Amino acid sequence: MVRTPLTPEERLRGERLGRLLREMRGPRSMSDVAACAGISAETLRKIETGRAPTPAFFTVAALAGALGLSMDELLLRCAPEPDTVPLAG
């Protein structure tokens, strides 16, 4: 199965998610947070570095829970900056 290439917006959203997860993880180890979320440290590493910019919803929800973030807060903090939203046209 061939995967559809990601759009620039999807890549940016993945980068924002990765930055937020790294920031919220703080001094905790990647292994600790991954274990709390029930995922592998390698999966967390890929998400944080943008190599997996579109993780599954349940993976994101588990990470949010492990980091004490609500899904609402995560969504708000990963939303694009106003000047990066593409204009409809």
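Described in the following lines is the structure provided in the data block. This one's a predicted model, so the numbers in the text were calculated from it and none came from an experiment.

What counts, and where the lines are drawn
Think of each chain on its own: its residues are numbered from 1, step by step along the sequence as written. Where local features are concerned, this predicted model is filtered to residues with pLDDT of at least 70; where side-chain atom pairs are given and counted, the filter is 80 or more; whole-chain, interface and lining totals use all residues. In computing side-chain properties, one takes all heavy atoms of the structure into account and sets aside hydrogens as well as water. Put simply, a salt bridge is a Lys or Arg side-chain nitrogen that is within 4 Å of an Asp or Glu carboxyl oxygen. When accessible area is computed with a 1.4 Å probe and restricted to protein chains, residues below 20% of their type maximum are described as buried, those above 50% as exposed, and intermediate ones as partly exposed. Orientation is described by lines fitted to C-alpha atoms, with helices fitted over the stretch in contact, and by angles between N-to-C directions that extend from 0 to 180 degrees. Strands are runs of DSSP state E lasting at least two residues, helices are runs of H or I lasting at least four, and both sets are numbered from the N terminus onward. Any angle from 65 to 115 degrees is called roughly perpendicular, while one under 35 is roughly parallel, one over 145 is roughly antiparallel, and all others are oblique. Only heavy atoms enter the contact rule, under which two residues are in contact if any of them lie within 4.5 Å. Amino acid classes used here: Ala, Val, Leu, Ile, Met, Phe, Trp, Tyr, Cys and Pro are nonpolar; Asp, Glu, Lys and Arg are charged; the rest, including Gly, are polar. To form a nonpolar core, buried Ala, Val, Leu, Ile, Met, Phe, Trp, Tyr and Cys residues must be joined to one another through side-chain atoms within 4.5 Å. In this scheme Phe, Tyr and Trp rings, the latter by its six-membered ring, pair at centre separations within 6.5 Å, and the angle between planes marks the pair as stacked below 30 degrees, edge-to-face above 60, and tilted otherwise.

1. Describing the pattern of salt bridges
This model, assessed by the stated rule, comprises six salt bridges. Across the pair Arg28 and Asp32 runs a salt bridge whose closest N-O atoms are separated by 2.9 Å. By relative accessible area, Arg28 is classed as partly exposed at 27%. Note on Asp32: relative accessible area 33%, which makes it partly exposed. Of the charged contacts in the structure, one is a salt bridge between Arg51 and Glu42, with a shortest N-O distance of 3.0 Å. On the basis of relative accessibility, which here comes to 52%, the residue Arg51 falls in the exposed class. For Glu42, a relative accessible area of 32% puts it in the partly exposed group. Overlapping salt bridges bring together Glu23, Glu73 and Arg77 as one network.

2. A look at the packing of helix α1 (residues 8–25) against helix α3 (residues 41–49)
Following both chains from N to C, one finds α1 and α3 inclined at 120 degrees, their axes separated by 6 Å at the closest point. Comparing the axis directions of α1 and α3 gives the class oblique. Only Leu44, Ile47, Glu48 and Thr49 of α3 make contact with α1, whose side of the interface consists of Gly14, Leu17, Gly18, Leu21, Arg22 and Arg25. The residue makeup of the contact of α1 with α3, split by class, is four nonpolar, three polar and three charged.

3. Describing the nonpolar core
Nonpolar side chains in soluble globular proteins generally cluster together in the buried interior. One finds Leu17, Leu21, Val33, Ile39, Leu44, Leu63 and Leu74 to be the most contacted residues of the largest nonpolar core, which totals 18 residues. When neighbours within four sequence positions are excluded, Leu63 is seen to be in contact with Leu21, Val33, Ala37, Ile39, Leu44 and Ile47.

4. Some details on the packing of aromatic side chains
Inspection of every chain in the model, using the stated rule, returns one aromatic pair. Residues Phe57 and Phe58 carry aromatic rings whose centres are separated by 5.4 Å and whose planes lie at 80 degrees to one another, so their mutual orientation is edge-to-face. Note on accessibility: Phe57 and Phe58 belong to one class, exposed.

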